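Observations on chain architecture
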Amino acid sequence: MADPYGTQGMPESVEMFLAHLELERGYSQATVAAYARDVLQFEAVLAARHLSLADPASITRRQVQAFLAELHRQGLNKNSMGRKLSALRSFFRFCARMRMISALPTEGMANPKTEKRHPDVLNVDQAFALLERDTGAEPARGAEPLRPEEERSRVIRARDLCLAELLYGSGLRISEALALDCVRLSAEDAVVRVMGKGGKERLAPLTDTAREALASWLSLRSALAPPGERALFVGLRGKRLNRREAQRSIERLCLEAGLAHSVSPHGLRHSFATHLLQAGADLRSVQELLGHARLSTTQRYTHLDLARLMEVYDKAHPKSGK
């Protein structure tokens, strides 16, 4: 049997924890693999001290602190340290529920303070420059046929624009967009059904330009996708487009649009939320569109400029004098 998380020969407590995350919590395989790496890194440090998570009750706060100190000496950034500590918290909470331990060695341990960073975001003009481009229409009647390299460029551009439209126009996560299957999506759809984090399904609206971009891409998709391939977005080898290729696709669009800097796929999703808020959308609605379980997550991913905040204050506050 395959061992996707590399836990073969590892403590049973770890295997039970990872199975809990995948089967009971509904976490994706990528998320569970990240938890596995963090917990097993701690296990490796414990092994050097002749300890193991096979006996979680023997682990004390001192060992967790020593692990964090070692990560600091290695130069690991605070965000990564915080993620690893969060993974250990989840593991020991699971052990407590399973009555493997009576006290949490991570109790009261706070994540290292970090500066909140937002991904690069486009302004509205930049977003229009990125997306309002030739979507790869057929050559005019009577025109010279395109050379093979020109035709391939036309197909790739149609794919890239369609992907960018779903990220910016519908606010999809890059993982959600790349997981879409062509057989379940048509150019006439008004919404797209996506599977978000934790296996939660939601409907994301499609803009008119997104439907146009989708129609253009679907008309050309067979040039890259072999018969039977289910993925909506495919790479040059005909297989489902991966994250690295998607990143290059967005970088290529930014370059073609003449933008001063590139933006990540997540930056397009962040731009979607930011522009909605700046146009007056309420935070709860944006939360639903983004598929966030908590409003606080939406607040971290979106920000308003000072002018908009002052406008809201002037209109709503009784002491504003307006």
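Located above this text is the structure these notes cover.
Note that the structure is predicted; figures quoted are calculated from it, not measured.

1. Looking at the nonpolar core
- By size, the foremost hydrophobic cluster in this structure holds 49 residues, and its most contacted members are Leu 130, Leu 163, Leu 232 and Leu 268.
- Element by element, the count of residues in this core is highest for helix H6 (residues 148-169), at nine residues.
- Beyond its immediate chain neighbours, meaning those up to four positions away, Leu 268 contacts Leu 122, Leu 130, Ala 164, Leu 167, Tyr 168, Ile 250 and Val 263.
- Formed by 28 residues, the second largest nonpolar core is a distinct cluster that contains Leu 18, Leu 71, Ala 87 and Phe 92.

2. Notes on the packing of aromatic side chains
- For the structure on display, the rule yields six aromatic pairs.
- Ring geometry for Phe 17 versus Tyr 35: centroids 6.1 Å apart, planes at 70 degrees, classification edge-to-face. Note that Phe 17 is positioned in helix H1 (residues 12-24) and Tyr 35 in helix H2 (residues 29-47), a separation of 18 residues in sequence.
- With a centroid separation of 5.5 Å and 85 degrees between ring planes, the pair formed by Phe 17 and Phe 91 is classed as edge-to-face. Here the residue Phe 17 occupies a position in helix H1, and Phe 91 occupies one in helix H4 (residues 78-97), the gap between them amounting to 74 residues. Here Phe 17 and Phe 91 have matching classes, each one buried.

3. Points about the pairing of strand E1 (residues 191-195)
- By the alternation rule, side chains of E1 split into Val 192 and Val 194, which are all buried, and Val 191, Arg 193 and Met 195, of which none is buried.
- Sheet analysis places E1 next to strand E2 (residues 201-205), joined by five bridges and oriented antiparallel. Residue pairing across strands places Val 191 opposite Pro 205, the latter belonging to E2.
- Linking E1 back to E2 in an antiparallel pair, the connection comprises five residues, with Gly 198 at a positive phi of about 70 degrees.

4. Quick look at the packing of H6 against helix H8 (residues 208-220)
- For the pair H6 and H8, the least separation of the axes is 8 Å and the interaxial angle reads 145 degrees. Here the hand of the crossing between H6 and H8 comes out left-handed. On H8, the residues touching Glu 151, Arg 154, Val 155, Ala 158, Arg 159, Leu 161, Cys 162 and Glu 165 of H6 are Thr 209, Ala 210, Ala 213, Leu 214, Ser 216, Trp 217 and Leu 220.
- When grouped by side-chain class, the residues that make up the contact of H6 with H8 number nine nonpolar, two polar and four charged.

5. Section: helix H11 (residues 283-290)
- All of the buried residues in H11 are Val 286, Gln 287 and Leu 290. Mapping the buried residues of H11 onto a view down its axis gives an arc of 105 degrees, with all of them on the same face. Facing away from the buried surface of H11 by more than 90 degrees, the exposed residues are Arg 284 and Glu 288.
- With its phi angle positive at about 80 degrees, Gly 291 sits one or two positions after the end of H11.

Cut-offs and rules
- Residues numbered from 1 in each chain as written.
- Predicted model: local features only at pLDDT ≥ 70, side-chain atom pairs only at ≥ 80, totals over all residues.
- Heavy atoms only, no water.
- Core = buried A, V, L, I, M, F, W, Y, C linked by side-chain atoms within 4.5 Å.
- Buried < 20%, exposed > 50% of the residue type's maximum accessible area, 1.4 Å probe, protein only.
- Helix = DSSP H or I, 4+ residues; strand = E, 2+ residues; numbered from the N terminus.
- Contact = heavy atoms within 4.5 Å.
- Phe/Tyr/Trp six-rings, centres within 6.5 Å; stacked < 30°, edge-to-face > 60°.
- Pairing = 2+ DSSP bridges.
- Axes fitted to C-alpha atoms, helices over the stretch in contact; angles between N-to-C directions.
- Left-handed = near helix turned anticlockwise from the far one by under 90°.
- Nonpolar A, V, L, I, M, F, W, Y, C, P; charged D, E, K, R; others polar.
- Arc of directions from axis to C-beta.

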